[in-house]
Structures are given as C-alpha cells and as structure tokens.
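If you want the building blocks of each chain, they are given just below.
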Amino acid sequence: MVGECDMQGLSLDDTAAYYAPAADEVLTYTEPTPGYCCPLSANIYGIEFESFRIRDYETGQCLFEVSKDPEAPPIDLNNLPPEMEDQVRCISYDFGAEFLDLKTVGTTLQFAVGPNEVPNFRMIERHYFRNHLIKSFDFNFGFCIPNSVNTWEAIYDLPELDPELKQQLIDFPWETQSDSFYYVGETMIMHNKAKYAYTLPP
C-alpha cells in the first residue's frame, strides 16, 4: 500500500495540491511513495539538517558521513524548480554488500531549529525493496527549543534478511529505497527519500 504523492509539474507553494498523510497511514505503506507528500514550504519551523553519520555500532567504524558546507549560500526553496527537488530531498548511498551482514548500526544526526519551538518532533522511516517492506523505524525527537542546534543519536537493530532477498538487494542497485516522514504533532512538515546500493567489492 502506498499513498499518491506524485507532485510533478506543481508549484512548490501550491500546498493545497499535496496530500500529506497522517503518521498512522504512512505506517501502513509497503512501497515507496511515487513523489513527495508535502512541499518544501511545509517546513515552517526552519529545521535544517547539518550533518549525518552512520557507523557500525559494534566496531565504531564510520560507514558514511556528510556535513553541510557552512560557506554554502542558502537555498531559496520557494524558487526551487520542481525538477530540482531531488537534489535537496533525496540522497543515494552505496554501503557495499558487507553492510547487509551488520546486526546494529548507530546514527548521529545534527539539526538546527529556527526561531519557533518545535513540540513533539517525530520521524518515521520506511525501507523497501520494490513493493516489499524490509524495515520500519519510528523515532520521537521530543521538544526542541527555538534557535537551537540539536544532536540525535539513534541505534538501529537491523533485521536478519532472507539469503534470497539479500542477494536481490545486491543484484538490483537503487531498487532499495526509503521514505523519511517528519512530523510536528500530527502535521507532516518534511518528506525526504533515499536510494541504496550494496555493491560487491572488486
């Protein structure tokens, strides 16, 4: 099951044209949404992700790290063409095939909050291979004070994968995808996507 969120050709400020499902609904999805479920302008709290790090929880080895360039000029999201949305809302990861053997990973997310307080900040992350749900996570960040920089540490216990499914994840790169839905209270304020490959070493 998946909601109809395809927004091709719509203006970013045409908020009435988007369908932002409730949290209970996205928890039923079994495949990626075809588009984004809310406009960039829905982020009225000015939340910005500044850095993100993934590590093997057992060894501490860093698997992926990205940080926002502090010298980069701000992006005017209200004037961003719809065809460029993926550049700011979707990220691609190639973790290597050995990632699929990990039992637990840790993530560190640093994000800044704008001038208004953020009550009950929540993220739901759904991971799929084609139309099959692989795993789902539901995190509550809680209350964030205005004009703050926050660090969120999360531990993910990864499900044990069937050998046939694991091989398919390796054989079909970028067909593993995820949706990350962010809510403040009952309102969706952000929706980002990711695609994954698990490449075998040469």
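A few points on the structure.

Rules used throughout
Residues numbered from 1 in each chain as written. Predicted model: local features only at pLDDT ≥ 70, side-chain atom pairs only at ≥ 80, totals over all residues. Heavy atoms only, no water. Helix = DSSP H or I, 4+ residues; strand = E, 2+ residues; numbered from the N terminus. Buried < 20%, exposed > 50% of the residue type's maximum accessible area, 1.4 Å probe, protein only. Contact = heavy atoms within 4.5 Å. Areas by Shrake-Rupley, 256 points an atom, 1.4 Å probe, with all protein chains shown as cover. Phe/Tyr/Trp six-rings, centres within 6.5 Å; stacked < 30°, edge-to-face > 60°. 1 Å grid on protein atoms, 1.4 Å probe; cavity = no way out; pocket = protein on both sides within 12 Å on 5 of 7 lines; lining within 4 Å. Points joined across faces, edges and corners; volume = space filled by probe spheres on them. Nonpolar A, V, L, I, M, F, W, Y, C, P; charged D, E, K, R; others polar. Pairing = 2+ DSSP bridges. Axes fitted to C-alpha atoms, helices over the stretch in contact; angles between N-to-C directions.

**Structural notes on the overall build of the protein chain**
Within the protein chain, the secondary structure is distributed over three helices and nine strands. Counting every position in the protein chain, which comprises 202 residues, the buried fraction comes to 44%. Within the protein chain, residue pairs in contact and separated by at least 24 positions form 73% of the contacts whose partners lie at least 6 positions apart. In the structure as shown, the protein chain presents an accessible area of about 10900 Å², 51% of it carried by carbon and sulfur atoms.

**Topic: the packing of aromatic side chains**
Throughout the structure, instances matching the rule amount to 16 aromatic pairs. With 4.7 Å between their ring centres and 75° between their planes, Phe64 and Tyr93 make a pair best called edge-to-face. With Phe64 in strand E2 (residues 62-67) and Tyr93 in strand E3 (residues 90-94), this pair connects stretches of sequence that are 29 residues apart. For Tyr93, a relative accessible area of 9% puts it in the buried group.

**A closer look at empty space enclosed by the protein**
Over the atoms rolls a probe the size of a water molecule, and its path tells where empty space is left. This structure, assessed with the given rule, holds one cavity of 30 Å³ or more. The calculated volume of the largest cavity comes to roughly 100 Å³. Counted by class, the lining of the largest cavity contains nine nonpolar, one polar and one charged residues.

**What about the pairing of E2?**
Remember that side chains alternate between the two faces of the sheet whenever the strand is regular. As defined by bridge partners, strand E1 (residues 48-56) adjoins E2 across five bridges and the pair is classed as antiparallel. Residue Arg55 lies in a different strand from E2, and its bridge partner there is Cys62.

**Details of the side chain of Arg89**
With respect to the helices and strands, Arg89 occurs in helix H2 (residues 85-89). Residue classification places Arg89 among the buried residues on the basis of a relative accessible area of 3%. Beyond its immediate chain neighbours, meaning those up to four positions away, Arg89 contacts Tyr36, Cys38, Pro39, Leu40, His191, Asn192 and Lys193.

**Thoughts on the sheet that holds strand E6 (residues 132-144)**
Pairing within the open sheet is mixed, and its five strands lie in the order E3-E9-E8-E5-E6. A strand with exactly one partner marks an edge of an open sheet, and here the two such strands are E3 and E6. Averaged over all pairs of adjacent strands, the angle between their axes in this sheet comes to 20°, without regard to strand direction. As judged from the 10 bridges shared by strand E5 (residues 118-129) and E6, these two strands associate in the antiparallel manner. Its bridge partner being in E6, Ile124 is matched across the sheet by Asp138. Taken strand by strand, helix H3 (residues 163-171) contacts E5, E6 and strand E8 (176-184), and its axis lies near 95° from that of E5.

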